[in-house]
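Chain by chain, the residues run as shown.
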Amino acid sequence: MTDGNKIIEMEVLRYRPEQDQEPFYQSYEVPFADDWSVLQGLRYIKDDLDSSLSFRWSCRMAICGSCGMMINGVPKLGCRTFLRNYYPGKLRVDALEHFPIERDLVVVVDDFMNKLAQIKPYLIPKQVRRLEQGEYLQTPQQLEHYRQFSTCINCMLCYAACPQYGMNSGFTGPGILALMHRYNVDSRDGGREERMELGHADEGVWGCTAVAYCSEVCPKEVDPANAINQNKMGSAIDYFLRFIRPRGATE
Amino acid sequence: MSAQTDKRQPYLRPIRGWWKRDPYYIHYLAMEATSILIALYALILLFGLLRLGQGEAAFNGWLEALQNPLSVALHGLLLLVFAYHSYSWFKIMPKTLPAIYWRGAKLPQPVITQIGVAAAVVLNLLVIVVLTGIQS
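Owing to the predicted nature of the structure, the values given are computational and were not obtained by experimental measurement.

Each value, and the rule that gives it
- Residues numbered from 1 in each chain as written.
- Chains lettered and ligands numbered in written order.
- Predicted model: local features only at pLDDT ≥ 70, side-chain atom pairs only at ≥ 80, totals over all residues.
- Heavy atoms only, no water.
- Buried < 20%, exposed > 50% of the residue type's maximum accessible area, 1.4 Å probe, protein only.
- Helix = DSSP H or I, 4+ residues; strand = E, 2+ residues; numbered from the N terminus.
- Pairing = 2+ DSSP bridges.
- Axes fitted to C-alpha atoms, helices over the stretch in contact; angles between N-to-C directions.
- Contact = heavy atoms within 4.5 Å.
- Domains from an automatic or database assignment.
- Buried area = accessible area lost by both parts, 1.4 Å probe.
- Phe/Tyr/Trp six-rings, centres within 6.5 Å; stacked < 30°, edge-to-face > 60°.
- Lys NZ or Arg CZ within 6 Å of the ring centre and 35° of its normal.
- Salt bridge = Lys/Arg side-chain N within 4 Å of Asp/Glu carboxyl O.
- Polar contact = N/O pair within 3.5 Å; in protein donor to acceptor, adjacent residues only side chain to side chain.
- Patch = residues over 30% accessible without salt bridge, like charges linked within 9 Å, V, L, I, M, F, W, Y side chains within 5 Å.
- Areas by Shrake-Rupley, 256 points an atom, 1.4 Å probe, with all protein chains shown as cover.
- Core = buried A, V, L, I, M, F, W, Y, C linked by side-chain atoms within 4.5 Å.
- Left-handed = near helix turned anticlockwise from the far one by under 90°.
- Nonpolar A, V, L, I, M, F, W, Y, C, P; charged D, E, K, R; others polar.

What follows covers the pairing of strand 4 (residues 74–77) of chain A. Residues and elements named next belong to chain A. The two faces of strand 4 differ: Pro75 and Leu77 on one face are buried, but Val74 and Lys76 on the other face are not. Relative to strand 4, strand 3 (residues 68–71) runs antiparallel, the two sharing four bridges. Residue pairing in the sheet places Gly68 in a bridge with Leu77 of strand 4.

See below:
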């Protein structure tokens, strides 16, 4: 319920493929309480003003990564951005940049999902342990190596912040390269070589030009720019090692 | 294809003018643009080296050309550009490094930047002191 005192104007990007040639903004007057998120504002619009509005959401607590959107031009999660911070001005909500718009605030995520599968985002054990051999052990220090990069919620805000991805969607992009790093530096994992075939490519770490806005907008402080750029050193070393290592040799 | 998928018509927004969207992008482009002026200054220095190889008179001519008010103004501008370039270089440096641990705690990224900037300031002052020492 709202206290009914404050009303904020929300301009929402609309695109209905069956009837619109291109997106346009539609304005809504939304009464709100101080603890209302932008997502709550959108739900108010859908429930009480205009049921035709489409947007994705699920958990309302910044862990599912569904409600990424552009709020006044900045990639943010709708559920952890508050309407009060934009009052008494108005608020403009767009679909995430750099992704094709499916409908209103819903974007096509197929490219992201395909790339995610390509980097094998799971542990590929160095030596497979049988059940009776027990679990894969890891020290707290070894965990620290990748913990930060494992907190990604796949919200794709970093993709909306990355002009390189916007200009060339062939680029693997910040979030997925950070996940690649997360598995590569896990002490239990032995899949680095397999994954880095993609990591070494132009579409991999070298597609990044260190704009670093991805790290600014990340709601989970994953710091994808750090994950990607520290891999450039490793990638360069791997490149030059090829010339001195005997053919077929491994590390 | 089902009737439902027939209605899909994903709309891709144009990327043109992306850098105007956010001040962050303007800072990024300013950082990249400083590299061009730095390359230009490298050419000026290389030209000096070339003149040095051609003998004392040629080198003195190059030195004299540098005293030109236009050249002095350019040097003033380039000094500012170099300062911004150095700062932006050290600002991005922590992104290129694996985490550094100091007494069990992760070194915050701004501290790495500050160490870099401080080192650059100290080294530059040292060069100025040494050069003034040689000249006097």
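Right, let's get into the sheet that holds strand 3 of chain A. All names here are of chain A. Strands sit in the order 2-1-5-3-4 across an open sheet of five strands; the sheet is mixed. Of all the strands in the sheet, just strand 2 (24–32) and strand 4 have a single pairing partner and so form its edges. On average, each strand axis in the sheet is inclined to that of its neighbour by 35°, with strand direction left out of account. Where strand 1 (residues 6–14) and strand 5 (residues 91–94) come together, three bridges link them in parallel fashion. When the sheet's bridge partners are listed, Val12 is paired in strand 5 with Val93. Running at roughly 100° to strand 2, helix 1 (residues 38–49) makes contact with strand 1, strand 2, strand 3 and strand 5 of the sheet.

Residues and elements named next belong to chain A. When its domains are assigned, chain A resolves into domain 1 (7–107) and domain 2 (110–244). Taken over C-alpha atoms, the centre of domain 1 sits 30 Å from the centre of domain 2. If you look at the interface, domain 1 gives 16 residues, while domain 2 gives 16 residues. For the pair domain 1 and domain 2, the summed buried surface comes to about 1,200 Å²; carbon and sulfur atoms form 70% of the total. The three residues of domain 1 that bury the most area against domain 2 are Pro75, His98 and Phe99, which together make up 47% of that side's buried surface. Only strand 3 and strand 4 provide two or more residues apiece to the side of domain 1 that touches domain 2.

A few words now on the packing of aromatic side chains. Evaluated as defined, the whole model comprises 15 aromatic pairs over all chains. Between the aromatic rings of Tyr239 of chain A and Phe240 of chain A, the centroid separation amounts to 5.2 Å while the plane-to-plane angle is 85°, which identifies the pairing as edge-to-face. With relative accessibility at 43%, the residue Tyr239 of chain A sits in the partly exposed group. Judged by centre distance (5.3 Å) and plane angle (70°), the rings of Trp18 of chain B and Tyr25 of chain B are edge-to-face. Judged by its relative accessible area of 12%, Trp18 of chain B falls in the buried class. By way of ring pairs, the aromatic residues Phe99, Phe112, Tyr159 and Tyr165 of chain A are connected into one cluster. Directly above the ring of Trp57 of chain A sits Arg43 of chain A, whose terminal nitrogen or CZ lies 4.4 Å from the centroid. Lying over the aromatic face of Phe82 of chain A, Arg84 of chain A brings its terminal NZ or CZ to 4.4 Å of the ring centre.

All right, on to the interface of chain B and chain A then. Think of interface size as the accessible area that goes away when the parts come together; that is how it is often given. Between chain B and chain A, the contact holds 24 residues from the first and 41 residues from the second. Of the roughly 2,600 Å² buried at the junction of chain B and chain A (both faces included), carbon and sulfur atoms supply 51%. It is Tyr11, Arg13 and Lys95 of chain B that lose the most area in chain B upon contact with chain A, and together they represent 28% of the buried surface on that side. At the surface where chain B touches chain A, the tally comes to three salt bridges. Linking chain B with chain A are 16 residue pairs in polar contact (both at pLDDT 80 or more). Mapped by element, the contributors of at least two residues to the side of chain B that touches chain A are helix 2 (23–53) and helix 4 (69–96) of chain B.

So, on to a nonpolar patch on the surface. All names here are of chain B. On the surface, Leu123, Leu126, Val127, Val130, Leu131 and Ile134 cluster together to form a nonpolar patch covering roughly 590 Å² of accessible area. Residue placement: Val130 occurs in helix 5 (residues 109–135). In this structure Val130 comes out as partly exposed when scored by relative accessible area, which is 47%.

All names here are of chain A. Formed by 70 residues in total, the largest nonpolar core has its most connected members in Met10, Leu42 and Leu91. Split by domain, this core shows at least three residues from each of two domains, domain 1 (7–107) and domain 2 (110–244). Those residues in contact with Leu91 that lie beyond four places of it in its chain are Ile8, Glu9, Met10, Glu11, Val38, Ile71, Asn72, Leu83 and Tyr86.

Let's shift gears to the side chain of Gln164 of chain A. As for its placement among the helices and strands, Gln164 of chain A is situated in helix 5 (residues 163–167). Reaching out from Gln164 of chain A, the side chain makes a polar contact with the side chain of Thr209 of chain A at a distance of 3.0 Å. Not counting chain neighbours up to four residues away, the residues in contact with Gln164 of chain A comprise Phe171, Gly207 and Thr209 of chain A together with Tyr28 of chain B.

Moving on, we come to the packing of helix 6 (residues 174–184) of chain A against helix 9 (residues 224–244) of chain A. Geometry of a packed helix pair, given as the angle between the helix axes and the separation of the axes. All names here are of chain A. Contact geometry of helix 6 with helix 9 gives a least axis separation of 8 Å together with a crossing angle of 60°. Remark: the crossing between helix 6 and helix 9 carries left-handed chirality. Residues Pro174, Leu177, Ala178 and His181 of helix 6 form the contact with helix 9, whose own contacting residues are Pro224, Ala227, Ile228, Gln230 and Asn231. Across the contact of helix 6 with helix 9, the residue classes break down as six nonpolar, three polar and no charged.

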